[in-house]
Amino acid sequence: MTAPYLGVETVDKLIASRFAPSPTGQLHRGHALSAVMAWRLARRAGGRFLLRIEDIDTTRCRPEHEAAMLDDLAWLGLDWDGPVWRQSQRTAHYAQALDRLVARGVAYPCFCTRADIAAAASAPHGPDGPAYPGSCRHLDPATRAARLAAERPAWRLDVAAAQARTGPLRWHDARAGWQQVTVATGDFVIARRDIGTAYMLAVVVDDAAQGISDVVRGVDLFDASHGQVLLQALLGLPTPRYHHHPLLLGADGRRLAKRDGGETLHALRAAGATPCEIIAGLGLDEG
Ligand code: GLU
């Protein structure tokens, strides 16, 4: 639910939104839409707008992208409260959360490669690839122990076990209304083998640690919210309100991606666009 703007007497310090880009490329207009929406939601309520750099994927993130992102946001006229958080500095917190999930018996090590998962005939294919068929969920204890001693695993959430613990859960999206938690991806990864954590877990830990009341982001992350709400319940963390906005499309009708050079804020700036023109072109429904 968007906080109404009723004047300074409604100032609510508990409202906090965030923009959480991954520095794997340049910001495009779609990022600007998320950032401006999140910034407005906080500022109109007298709340906080926080910036978090989601740089856990050390194989893809680059410091020069981060610097360019901060520069683009400031150029757009956005300001943020407090220091910028960097997920690369918070890995101990994600490891602790993983330990708690393992201790609760809802996480298990997974030794499958991508090829193993793709080859599993029964795996239905979703937009993000095949749902995990659960191959490592029931490894016998001796095999699991032997493999753990020999190789570093990924860790997955045992969704059925998790849901049995939490019971039915719901969350609210400002456009789509109340949602019952249903995890379509199967047992999703909460710690990658290569980097020791994963987006799904890090985002939940940090949204709670930063006191985020309202998550504003593209509808491409709508499905991820189901798993994130489940993790929040398991870890005893509050569930924020969600605002998933439609994705901006490029001239070719496809969703914008960091690879679409012409749509980056950097390219638009270089071509002479002003911040006002960019914001006016985002299709925000209010001024
Ligand atoms: N870091 C994610 C991205 O850049 C966004 C995460 C989120 O808003 O939850 O796509």
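Residues numbered from 1 in each chain as written. Predicted model: local features only at pLDDT ≥ 70, side-chain atom pairs only at ≥ 80, totals over all residues. Heavy atoms only, no water.

S.K.: Explain helix H3 (residues 91-103) to me, using residue names and the numbers behind them.
M.R.: Over its 13 residues, H3 runs 18 Å from end to end, which matches the ideal 18 Å to within 8%, given 1.5 Å per residue. Residues Tyr94, Ala97, Leu98 and Leu101 constitute the buried set of H3. Down the axis of H3, the buried set is contained in an arc of 100°. They therefore lie on one face. Counted as exposed and oriented over 90 degrees from the buried face of H3: Ala92, Gln96, Asp99 and Ala103. (Helix = DSSP H or I, 4+ residues; strand = E, 2+ residues; numbered from the N terminus. Expected span 1.5 Å × (residues − 1). Buried < 20%, exposed > 50% of the residue type's maximum accessible area, 1.4 Å probe, protein only. Arc of directions from axis to C-beta.)

S.K.: Describe in detail the sheet that holds strand S7 (residues 154-157), supporting the description with residues and values.
M.R.: In sheet architecture, strand pairing relies on hydrogen bonds along the backbone and comes in two forms, parallel and antiparallel. Reading across from one edge, S4-S7-S10 is the order of the three strands in this open sheet, with antiparallel pairing throughout. Looking at the sheet topology across the chains shown, the edges are occupied by strand S4 (107-110) and strand S10 (189-191). Here the average twist between neighbouring strands, direction ignored, is 45°. Of the strand pairs in this sheet, S4 and S7 are connected by four bridges, and their pairing is antiparallel. Of the residues in S7, the one forming a bridge with cysteine 110 is alanine 154. (Pairing = 2+ DSSP bridges. Axes fitted to C-alpha atoms, helices over the stretch in contact; angles between N-to-C directions.)

S.K.: Tell me about the nonpolar core, and please be specific about residues and values.
M.R.: Ranked by size, the top nonpolar core spans 38 residues in total, and within it Leu101, Leu157, Ile190, Leu201, Leu230 and Leu231 carry the most contacts. Secondary structure elements with two or more residues in this core: H3, S7, helix H6 (159-166), S10, helix H7 (199-209) and helix H8 (222-235). Considering every element that reaches this core, the biggest residue donor is H8, with seven residues. With near-sequence residues (within four places) excluded, leucine 230 lies in contact with Leu157, Val159, Ala162, Gln163, Thr166, Leu169, Val181 and Val183. Counting 29 residues, the second largest nonpolar core, distinct from the first, contains Leu27, Ala45, Leu248 and Leu268. (Core = buried A, V, L, I, M, F, W, Y, C linked by side-chain atoms within 4.5 Å. Contact = heavy atoms within 4.5 Å.)

S.K.: Quick one: what's the story with the packing of H3 against H8, residue by residue and with numbers?
M.R.: To describe two helices that pack against each other, one gives the angle between their axes and the distance between the axes. Axis separation between H3 and H8 bottoms out at 10 Å; the angle between their running directions is 75°. Compared by their axis directions, H3 and H8 come out roughly perpendicular. On H8, the residues that touch Ala97, Arg100 and Leu101 of H3 are Leu231, Leu234 and Leu235. Of the residues that constitute the contact of H3 with H8, the class distribution is five nonpolar, no polar and one charged. (Parallel < 35°, antiparallel > 145°, perpendicular 65-115°, else oblique. Nonpolar A, V, L, I, M, F, W, Y, C, P; charged D, E, K, R; others polar.)

S.K.: How would you sum up the environment of serine 135? Please name residues and give values.
M.R.: You can see serine 135 is positioned in the loop between strand S6 (129-130) and helix H5 (141-150). Residue serine 135 is classed as partly exposed on the basis of its relative accessible area, which comes to 44%. For the pair serine 135 and isoleucine 278, spaced 143 residues apart in sequence, the C-alpha to C-alpha distance is 47 Å.

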